[in-house]
Amino acid sequence: MNDPFLSDFLAAGVDADEVPELAALNSARPLLDAFITLFRGTEAEVLMRLLVLREIGREADAPRWSPEALRARFSYLDAVKLETVLKRLRDNALLAIGEDGHYALSDIGRNAVAAIAMLLRFGAEEDAELGFLTAQLAGLQAVGSVTPEALGHLLSKLNDLTWHFEEAIASGSEFRILDARRRLSANGRWLERGTAILNTLLADPEADFDLARIAQRIGLAQSRLARVDAAFQRALNKIEAQRVTLGASGISSSDVTAWLRGLDPATLAALGAGTLAAVPELALLAGGHELLDRAESMLDGKTAAAEIDPRLPPPERAPTDAAPQTEDLRLLEHFSHRLATLPAPRPLHHLVAGDGFASASYRLSLLALLADGGASGPEDGPVGAFMRLPLEVEFTDGLTEVGEDEIATITLGEVRPRPPQPTAATPAAGPGAAARPTA
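Because the structure is predicted, anything quoted here is derived from the model rather than measured.

1. Concerning the pairing of strand S4 (residues 391-404)
Alright, step 1. Judged from the nine bridges that link them, S4 and strand S5 (residues 407-417) form a sheet pairing that is antiparallel. Note that in S5 the partner of Val393 across the bridge is Val415.
Alright, step 2. Hairpin connection, S4 to S5: the antiparallel pair is bridged by two residues, and Asp405 has positive phi, about 55 degrees.

What follows is the structure, encoded as structure tokens:
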């Protein structure tokens, strides 16, 4: 490693040969030079090199190209620019030219094209990094060359996902939690494939110690990710319990927030026009002399001490309301009676819909509370009876079309009776047991 420019980055008195971490990179200089050739220059130059290199490598049956065939293939490019790109790729060993003057990809060029093609394959999916790392690990396992470094990259990505999901839950934001939950669902298949790879690695009795150690840590990280979905649901249930409904409309604060998030910046600015002052209006400074006189009297403390009245106000009778509102309780009791006689599992939208959007929204909020666990409800009253219903409520991320009763779509889910719990058998009385009267 006698590159004179490396000394500019190293500390004084340190030689490049004394840094073992540079040895692996220095041994891969030809491959690194290929990528430097591809990605050095302006963005347009990089795109043109990648375009030409990928199209040349795309033809598998006839991988050799004559100059005339290349000009015909890239007829949409300027002829002079095309020759410049071909010369750059040829001079840096990404393209090889035979004695007959035909072009073909070099070994390094084909490796570069294959690596870029794999990255582009995962670029169209959510969390492309996890998919790429898992696919790379599967390929290394297939050829028997899994390295601790490859496993470490996957472990780092899983820990990063766990941190992201925990931050979403701690934020208390419904939208961040829903986005994180969708991201977890999108990564489900990669987590399953990663688990299968780890099982194979750990089942090998001759596996390297470093590989087994990192594989076990990856398994723990995947276990944490598997449990985070339940944490998402608990957080969403708490948000549902605290959601504010705007009057009797059935529209909640979350609906308003979702509507605002869907607006473009210009519409949001128009909504806020006239509601906020660009400069605070200091109306209190209008009476300058009066304020100065008041300030002088307050500075000495005498006026303030004289005006403080430590006595409590006289007692008053608490105002008594008229007859309490019972409309919501009647709706709750009717809904409780329907659920108590539920004979078999029913879809969520069949039980919630009816009597307009406001009533359906109220029933859905009750089922969300029931899904969070009924043991924390009050002991008495209709609410306590509802929270102790032997039912299981399951929500999913999907939506189902309703199209009636003021409801367009509703969350897809199911309500089903909870199976009866087995009770301990009462021990039979012995032959000498005396009969006891029952009240």
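Here the narrative resumes.
2. Considerations on the packing of helix H11 (residues 209-242) against helix H18 (residues 356-371)
When two helices pack together, their arrangement is captured by the angle between the axes and the distance separating the axes.
Alright, step 1. Between H11 and H18, whose axes approach to 9 Å, the crossing angle comes to 135 degrees. Between H11 and H18, the angle falls in the class oblique. For the pair H11 and H18, the crossing hand works out as left-handed. Residue-level contacts link Asn237, Glu240 and Ala241 of H11 to Ser365, Ala368, Leu369 and Ala371 of H18.
Alright, step 2. A class-by-class count of the residues in the contact of H11 with H18 yields four nonpolar, two polar and one charged.

3. Quick word on the nonpolar core
Alright, step 1. Counting 31 residues, the largest nonpolar core has Leu151, Leu158, Phe165 and Ile218 as the members making the most contacts within it.
Alright, step 2. Contributing elements (two or more residues each) for this core: helix H7 (128-142), helix H8 (148-171), helix H9 (174-186), helix H10 (188-203) and H11.
Alright, step 3. In terms of residues, this core owes the most to one element, H11, which gives eleven residues.
Alright, step 4. In contact with Leu151, not counting residues within four places along its chain, are Leu137, Val146, Leu198, Leu201, Leu211, Ile214, Ala215 and Ile218.
Alright, step 5. If you look at the next biggest cluster of nonpolar residues, it comprises 22 residues, including Ala34, Val46, Leu95 and Val113.

4. A closer look at the sheet that holds S5
Alright, step 1. The strand order S3-S5-S4 describes an open sheet built from three strands, whose pairing is antiparallel. The open sheet terminates on both sides in strands that have one partner only, identified here as strand S3 (346-347) and S4.
Alright, step 2. With two bridges connecting them, S3 and S5 associate as antiparallel partners. What sits directly across from Pro347, in S5, is Glu414.

5. Structural notes on the packing of aromatic side chains
Alright, step 1. By the definition in use, this model includes four aromatic pairs.
Alright, step 2. When the centroid spacing of 6.2 Å and the interplanar angle of 70 degrees are considered together, the rings of Phe74 and Tyr76 count as edge-to-face.
Alright, step 3. For Phe74, a relative accessible area of 1% puts it in the buried group.
Alright, step 4. The lysine or arginine in question, Arg73, covers the ring of Phe74, its NZ or CZ lying 5.7 Å from the ring centre.
Alright, step 5. Sitting over the ring of Phe175, Arg261 keeps its end group 4.4 Å from the ring centre.

6. A closer look at H11
Alright, step 1. The terminal C-alpha atoms of H11, which comprises 34 residues, lie 50 Å apart, in line with the 50 Å expected from a rise of 1.5 Å per residue.
Alright, step 2. Along H11, the largest kink reaches about 30 degrees and is centred on Val228.
Alright, step 3. The N-terminus of H11 is capped by Asp208, whose side-chain oxygen sits 3.0 Å from the backbone nitrogen of Asp210.

7. Topic: helix H13 (residues 265-272)
Alright, step 1. Burial within H13 is sparse, with just zero of its eight residues counted as buried.
Alright, step 2. The N-terminus of H13 is capped by Asp264, whose side-chain oxygen sits 3.1 Å from the backbone nitrogen of Ala266.
Alright, step 3. Once H13 ends, the next one or two residues include Gly274, with phi positive near 85 degrees.

8. Quick word on the pattern of salt bridges
Alright, step 1. A full pass over the atoms with the stated rule returns twelve salt bridges.
Alright, step 2. One salt bridge connects Asp91 with Lys87, and the closest N-O pair in it is separated by 2.7 Å. Linking Asp91 with Lys87, this pair stays in helix H5 (residues 79-91), spanning four residues, or about one helical turn.
Alright, step 3. With relative accessibility at 44%, the residue Lys87 sits in the partly exposed group.
Alright, step 4. Close ionic contact of Glu394 with Arg416 constitutes a salt bridge, the shortest N to O distance being 3.1 Å. Highlighted residues: Glu394 in strand S4 and Arg416 in strand S5, separated in sequence by 22 residues.
Alright, step 5. Taking relative accessible area as the criterion, Arg416 reaches 24% and is therefore assigned partly exposed.
Alright, step 6. Several salt bridges share partner residues, and in doing so they unite Glu392, Glu394, Glu414 and Arg416 into one network.

9. Quick word on the packing of H9 against helix H12 (residues 253-261)
Alright, step 1. At a minimum axis distance of 11 Å, the contact between H9 and H12 shows a crossing angle of 70 degrees. With respect to their mutual orientation, H9 and H12 come out roughly perpendicular. On the side of H9, the interface is formed by Glu174, Phe175 and Asp179, while H12 contributes Ser254, Thr257, Ala258 and Arg261.
Alright, step 2. In terms of residue class, the contact of H9 with H12 is made up of two nonpolar, two polar and three charged.

10. Brief notes about a nonpolar patch on the surface
Alright, step 1. Among the surface-exposed residues, Trp259, Leu260, Leu268 and Leu271 lie close enough to one another that they form a single nonpolar patch of about 380 Å² accessible area.
Alright, step 2. With respect to the helices, strands and loops of the structure, Leu268 is situated in helix H13.
Alright, step 3. Using a relative accessible area of 37% as the deciding quantity, one classes Leu268 as partly exposed.

11. Section: the confidence of the model for the chain
Alright, step 1. For the chain, the average pLDDT comes to 77, and 79% of its residues sit at 70 or higher.
Alright, step 2. Taking the mean pLDDT of every element in the chain, the minimum, 58, falls on helix H15 (residues 302-307) and the maximum, 89, on H5.
Alright, step 3. Predicted confidence for residues 425-439 stays below pLDDT 50, and this span has zero contacts to residues more than four positions away or in other chains.

Rules used throughout
Residues numbered from 1 in each chain as written. Predicted model: local features only at pLDDT ≥ 70, side-chain atom pairs only at ≥ 80, totals over all residues. Heavy atoms only, no water. Pairing = 2+ DSSP bridges. Helix = DSSP H or I, 4+ residues; strand = E, 2+ residues; numbered from the N terminus. Axes fitted to C-alpha atoms, helices over the stretch in contact; angles between N-to-C directions. Parallel < 35°, antiparallel > 145°, perpendicular 65-115°, else oblique. Left-handed = near helix turned anticlockwise from the far one by under 90°. Contact = heavy atoms within 4.5 Å. Nonpolar A, V, L, I, M, F, W, Y, C, P; charged D, E, K, R; others polar. Core = buried A, V, L, I, M, F, W, Y, C linked by side-chain atoms within 4.5 Å. Buried < 20%, exposed > 50% of the residue type's maximum accessible area, 1.4 Å probe, protein only. Phe/Tyr/Trp six-rings, centres within 6.5 Å; stacked < 30°, edge-to-face > 60°. Lys NZ or Arg CZ within 6 Å of the ring centre and 35° of its normal. Expected span 1.5 Å × (residues − 1). Bend = angle between axes of the 7 residues up to and from the residue. Polar contact = N/O pair within 3.5 Å; in protein donor to acceptor, adjacent residues only side chain to side chain. Salt bridge = Lys/Arg side-chain N within 4 Å of Asp/Glu carboxyl O. Patch = residues over 30% accessible without salt bridge, like charges linked within 9 Å, V, L, I, M, F, W, Y side chains within 5 Å. Areas by Shrake-Rupley, 256 points an atom, 1.4 Å probe, with all protein chains shown as cover. pLDDT = per-residue confidence, 0-100.

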